[in-house]
Amino acid sequence: MAGLILCQEVNVRSPYYVPELGVHLYTGEELSYFIFNHVLLIPDDFLEERLFVFLGELGYARLEERLRGYRGGDIYEVLPVILQEIRYYSSPELFRFDKTLETLRAMPEAERRKAKGDYLFGEGLYHYALREYEDILAMDAVKLGDANFTGQVWHNMGSVYASMEAVREAMRCYRRAYSLLHDEKILEEIYALCQLSAGVTLPEELKAEISPEQEEKFRRRFSERERQAVFEGKALEAAALRDRPPEERADAYARLLENWKNEYRRNQV
Amino acid sequence: MTGTARSRHRSRGGSVPDVTIRKEGKTVSGLILGVDICDSYSQVSCFSAEKMAVEPVLLGADETSCLIPTVLCKLRGSDRWLIGSEGYRRALMNEGTMVDKLVKLLLRDGTATIEGVLYSAEDLLTLYLERVLELPRRQYQTDEIAEVVFSLQQLDADLLDRLTRVCDRLGLPRSRVQFLSHTECFAYFAVSQSKDTFTNLVSAFDLTDGGLNYYEMKVLRGRRPMVLEARREALEEAFDLDLLNTPLGEKMADTILSACADRLLQKKVITSVYLTGEGFTSADWAPEFVRKLCNKRKVFLGQHLFADGAAFIAYDSTLPQSNYPYICLCEGRLASTISLYAVRGGKNEPLTLASAGSNWYEAKASALFILDDVHTLEILVTSFATQRVETISLSLAELPARPNKTTRIEVIVSFSSENHVTVRAIDRGFGELFPASGLSFRKDFLIS
């Protein structure tokens, strides 16, 4: 329903901290938003004292009491209860959220954790993503499923390392992924990694697998992506500031740099 | 008392009108005062809970001693300040320096230099009111003030801000102070009298050195809650009170007022007429005017009408629930309700930010909202008289792009008079998830 939602200004003494996002939550609406949009970030031990204290300070005493009774229960049963009580989301939105939970609940544990790892990777939370992937790979073979799934995990882990510019680790993961999946796309990523990093060369056994036509295709695409790179990501963020009035520009660059630093620090956890 | 003029003189009360009242969950006790401040004279009335009546604070034995000249006199070479007639007298004897027209001085934020020292209008009014409030304190032997209502001819935003600061300096808690118009005090005075005096229209003539004002009020009984509608008209026929110093001048003044009565009262069913102001300390000089008034109407003559009305309101403000079943629509009160639709507890319903009948100076309101697929704020203005709804739009299009429902805005409604409304919407962001941009949007509009 389009419109305004009346909300209360509440001054909580103990805001709820979400380490993965590096933010504090101060209101019931923010907690609802976090649950609804970042359900994969919700830890298994979500129902803990600091959440109860937070809800109590927000004035949701009844909900707090109810959740204390749920401690140790199925987290996916509890989340809709919280959203319903806070009333930030409408009924159709809650219905959609229930569907998401159903899908997650139906997933095997390894797949759910991979989804979480992928989500964390997408959010730029590399260390948290690596932790998920490592935990998956440490699972026993039955839980892990087929080689295809394991290969995907190795591949995604390689991509995380590549994003962190940990080239050797990335190469190690990509090679494991390729050994399981034999996917041309992974070969191309390995090729690109070598192009980007001085001192890293294509391993001999992979070199043999790349035909001259493939190599030409990889080279062409890499050049194209290099050209495109100035129009996306951080380069684009910085370029956008050129349109600011001159008197605001220096401050804007300083803020952007600060954001990048914070992002970097967050990933050093 | 139909067809006769009578004085409303009341005997000076001796008992302490100290009451114990419950307000804001606390028990407070003290004086309940109505203070009428004008440029020429001020008057103070005190509500006696024991007698359930209002008593004027008098300086002497007669009725006119309730008129305290609004002047302040600093005695030469001393730190002593005097007010009222004594201040006048000492200044005339060249024993001190006098400042008058203190309300006008405050309105224009003026200053006065006395014996080489510069005093702001706020300083001077603080000194004056300190001494004025001392009168009931001394009379009733209590320092505590439970509630005070100041009655002013005009309510100007700057004037009220300065008066508020003066009250702060006097140590009067803001929760116990109100500033109301003469019109409103007149209306409440009228409905605080016996019912047969306000069956139909009630009017008042206030004749002072500052001018001639006509007031009219009626109770609209067909509405729930009932409406107390009052208005003031500053009459162009005003004259200098010095005119009454000669028989010829008196006759001329009588003719002027008679013409006013013909114009203002004809074809109206008026139950009561009040004559007040220093021009009506007596009505002997206006026989023709009084004859016209005393035509199947109750006519009352006397002082401290506005101060009494203010004291009645002050008393009512101390009660957990008002004794007056009215919404007052008059000078100083909002004639329209300002609201907007918002979801509360899952239901989309109108949320009132300022109600018709509220005192505009105190009607400032704010609320926090989350925008759910909304880029324009739609403010509803509902006229109490016609129930017509007007929509005022405030565009929020320049807010930073964020996911839906992640922008919190604070909507603040304030007034610079009963007609001038300002609505501001300030981006409050969504916590640390989406920090506030600090952008704000503003719309000023008129209501009637």
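Bear in mind the structure is a predicted one, so any value in this text is a computation, not a measurement.

About the criteria used
- Residues numbered from 1 in each chain as written.
- Chains lettered and ligands numbered in written order.
- Predicted model: local features only at pLDDT ≥ 70, side-chain atom pairs only at ≥ 80, totals over all residues.
- Helix = DSSP H or I, 4+ residues; strand = E, 2+ residues; numbered from the N terminus.
- Buried ≥ 20, exposed ≤ 12 C-beta atoms within 10 Å, placed from the backbone.
- Contact = placed C-beta atoms within 7 Å.
- Rg over C-alpha atoms; globule rule 2.2 N^0.38 Å.
- Axes fitted to C-alpha atoms, helices over the stretch in contact; angles between N-to-C directions.
- Parallel < 35°, antiparallel > 145°, perpendicular 65-115°, else oblique.
- Left-handed = near helix turned anticlockwise from the far one by under 90°.
- Nonpolar A, V, L, I, M, F, W, Y, C, P; charged D, E, K, R; others polar.
- Pairing = 2+ DSSP bridges.
- Domains from an automatic or database assignment.
- Core = buried A, V, L, I, M, F, W, Y, C linked by C-beta atoms within 7 Å.
- Expected span 1.5 Å × (residues − 1).
- Arc of directions from axis to C-beta.
- pLDDT = per-residue confidence, 0-100.

**Quick look at the overall build of chain A**
Within chain A, the secondary structure is distributed over 15 helices and three strands. Referenced to the eigenvectors of the C-alpha coordinate spread, the extents of chain A come out at roughly 70 × 60 × 35 Å. Looking at chain A as a whole, 23% of its 269 residues qualify as buried. Across chain A, the fraction of contacts at a sequence separation of at least 24, relative to all contacts at a separation of at least 6, is 49%.

**A look at the overall build of chain B**
What chain B contains, in helices and strands, is eight helices and 27 strands. Here the C-alpha atoms of chain B give a radius of gyration of 24 Å, agreeing with the 22 Å that 2.2 N^0.38 yields for 448 residues. Projecting the C-alpha coordinates of chain B onto the three principal axes gives extents of approximately 80 × 60 × 40 Å. Taking all 448 residues of chain B together, the buried fraction comes to 42%. Long-range pairs, those at least 24 residues apart, make up 67% of the contacts in chain B between residues at least 6 apart in sequence.

**Some words on the packing of helix 3 (residues 121–140) of chain B against helix 4 (residues 157–169) of chain B**
All names here are of chain B. Relative orientation of the contacting elements helix 3 and helix 4 amounts to 55 degrees, with a least axis distance of 9 Å. Relative to helix 4, helix 3 is oriented oblique. The hand of the helix 3/helix 4 crossing is right-handed. Packed against helix 3, whose contacting residues are Glu-122, Leu-125, Thr-126 and Leu-129, the element helix 4 presents Arg-162, Arg-165, Val-166 and Arg-169 at the interface. Looking at the contact of helix 3 with helix 4 residue by residue, the classes come out as three nonpolar, one polar and four charged.

**A few points about the pairing of strand 24 (residues 389–395) of chain B**
All names here are of chain B. As paired strands, strand 23 (residues 376–383) and strand 24 are joined by seven bridges and run antiparallel to one another. Residue pairing in the sheet places Glu-378 in a bridge with Ser-393 of strand 24. Where strand 23 hands over to strand 24, the hairpin turn is made up of five residues, of which Gln-387 adopts a positive phi near 65 degrees.

**Side note on the domain arrangement of chain B**
Residues and elements named next belong to chain B. For chain B, the assigned domains are domain 1 (18–181), domain 2 (185–308 + 323–328) and domain 3 (336–446). If you average the C-alpha positions of domain 1 and of domain 3, the two centres end up 38 Å apart. With five residues of domain 1 at the interface, the matching set in domain 3 holds four residues. For the side of domain 1 that touches domain 3, the elements supplying multiple residues, two or more each, are helix 4 and strand 13 (177–181).

**Let's talk about the packing of helix 3 (residues 61–70) of chain A against helix 4 (residues 75–86) of chain A**
Residue and element names in this part refer to chain A. At a minimum axis distance of 11 Å, the contact between helix 3 and helix 4 shows a crossing angle of 180 degrees. Relative to helix 4, the element helix 3 lies roughly antiparallel. For the pair formed by helix 3 and helix 4, the contact residues are Leu-63, Arg-66, Leu-67 and Tyr-70 on the first element and Val-78, Val-81, Ile-82 and Glu-85 on the second. Looking at the contact of helix 3 with helix 4 residue by residue, the class counts come to six nonpolar, no polar and two charged.

**A closer look at the nonpolar core**
Leu-33, Phe-186, Ala-187, Ala-310, Ala-311 and Ala-314 of chain B are the most contacted members of the largest nonpolar core, which totals 123 residues. What Phe-186 of chain B contacts, discounting residues up to four positions off in sequence, is Ala-204, Tyr-215, Met-217, Ala-230, Leu-305, Phe-306 and Gly-309 of chain B. Counting residues in each nonpolar core, the second largest holds 26 residues, with Tyr-126, Tyr-133, Val-160 and Tyr-174 of chain A among its members.

**Observations concerning the sheet that holds strand 9 (residues 96–99) of chain B**
Residues and elements named next belong to chain B. The strand order across the open sheet built from three strands is 8-7-9, with neighbouring strands paired in antiparallel fashion. The two strands at the open ends of the sheet, each matched to only one other strand, are strand 8 (81–83) and strand 9. Sheet twist, expressed as the mean angle between neighbouring strand axes with direction ignored, is 25 degrees. Pairing geometry for strand 7 (residues 72–75) and strand 9, over four bridges, is antiparallel. Pairing of Leu-75 across the sheet is with Gly-96, part of strand 9. Sitting on the sheet, helix 1 (residues 84–92) touches strand 7, strand 8 and strand 9, and the angle it makes with strand 9 is about 130 degrees. With respect to the sheet, helix 3 is in contact with strand 7, strand 8 and strand 9, its orientation differing from that of strand 8 by roughly 65 degrees.

**Details of the interface of chain B and chain A**
If you look at the interface, chain B gives 23 residues, while chain A gives 18 residues. Elements with a minimum of two residues in the side of chain B that touches chain A: strand 20 (336–344), strand 21 (347–354), strand 22 (365–372) and strand 26 (420–432) of chain B. Residue contributions to the side of chain B that touches chain A peak at six residues, all from strand 22 of chain B. Each residue belonging to the side of chain B that touches chain A can be placed in one class, and the counts come to 13 nonpolar, five polar and five charged.

**Some words on helix 4 of chain A**
Note on helix geometry: an α-helix contains 3.6 residues per turn, so any two residues three or four positions apart are oriented the same way. Residue and element names in this part refer to chain A. Taking 1.5 Å as the rise per residue, helix 4 with twelve residues should run 16 Å; its terminal C-alpha atoms sit 17 Å apart, in good agreement. Those residues of helix 4 that fall on the buried side of the exposure criterion are Leu-79, Ile-82, Leu-83 and Ile-86. One side of helix 4 carries all its buried residues, which in axial view fall inside an arc of 95 degrees. Looking at the buried positions of helix 4, the neighbouring elements they touch are helix 1 (28–37), helix 3 and helix 5 (91–106). One or two positions beyond helix 4, positive phi appears at Arg-87, with a value near 60 degrees.

**Description of helix 2 (residues 49–58) of chain A**
Residues and elements named next belong to chain A. When helix 2 is considered as a whole, its buried residues turn out to be Phe-54, Leu-55 and Leu-58. With its buried residues spanning 95 degrees around the axis, helix 2 presents them on a single face. Taken together, the buried residues of helix 2 touch strand 2 (16–18), helix 1 and helix 3.

**Let's talk about the domain arrangement of chain A**
Its domain assignment divides chain A into domain 1 (16–106), domain 2 (109–229) and domain 3 (236–261). Placing the centre of domain 1 of chain A and that of domain 3 of chain A at their C-alpha centroids yields a distance of 36 Å.

**Remarks on unusual backbone geometry**
Residue and element names in this part refer to chain B. With an omega of 0 degrees, the peptide bond between Arg-224 and Pro-225 qualifies as cis. Inspection of the secondary structure assignment puts Pro-225 in the loop between strand 15 (211–220) and strand 16 (226–235). Phi at Asn-94 takes a positive value of approximately 60 degrees, unusual for a residue other than glycine. Tracing the chain through its elements places Asn-94 in the loop between helix 1 and strand 9. The exposure class assigned to Asn-94 is exposed, which follows from the 8 C-beta atoms found within 10 Å. Phi at Asp-109 is positive, roughly 50 degrees, even though this residue is not glycine.

**Focus: the environment of Arg-137 of chain B**
When you line up the elements, Arg-137 of chain B lands in helix 3. The spatial distance from the C-alpha of Arg-137 of chain B to the C-alpha of Leu-31 of chain B is 7.8 Å, given a sequence separation of 106 residues.

**What about the confidence of the model for chain A?**
In this model, chain A carries an average pLDDT of 88, and 97% of its residues clear a pLDDT of 70 or more. When mean pLDDT is compared element by element in chain A, helix 1 of chain A scores highest at 94, while helix 8 (residues 141–144) of chain A scores lowest at 70.

**As for the pairing of strand 5 (residues 53–56) of chain B**
Where a strand is regular, its side chains alternate between the two sheet faces. Residue and element names in this part refer to chain B. Across four bridges, the pairing between strand 4 (residues 41–48) and strand 5 is antiparallel. In the strand pairing of strand 5, Ser-45 is matched with Pro-56. Linking strand 4 to strand 5, which pair antiparallel, is a turn of four residues; within it Met-52 sits at a positive phi near 50 degrees.

**Regarding the environment of Arg-225 of chain A**
Residue position: Arg-225 of chain A is located in helix 13 (residues 212–229). Through-space distance from the C-alpha of Arg-225 of chain A to that of Ile-82 of chain A is 45 Å; in sequence the pair is 143 residues apart.

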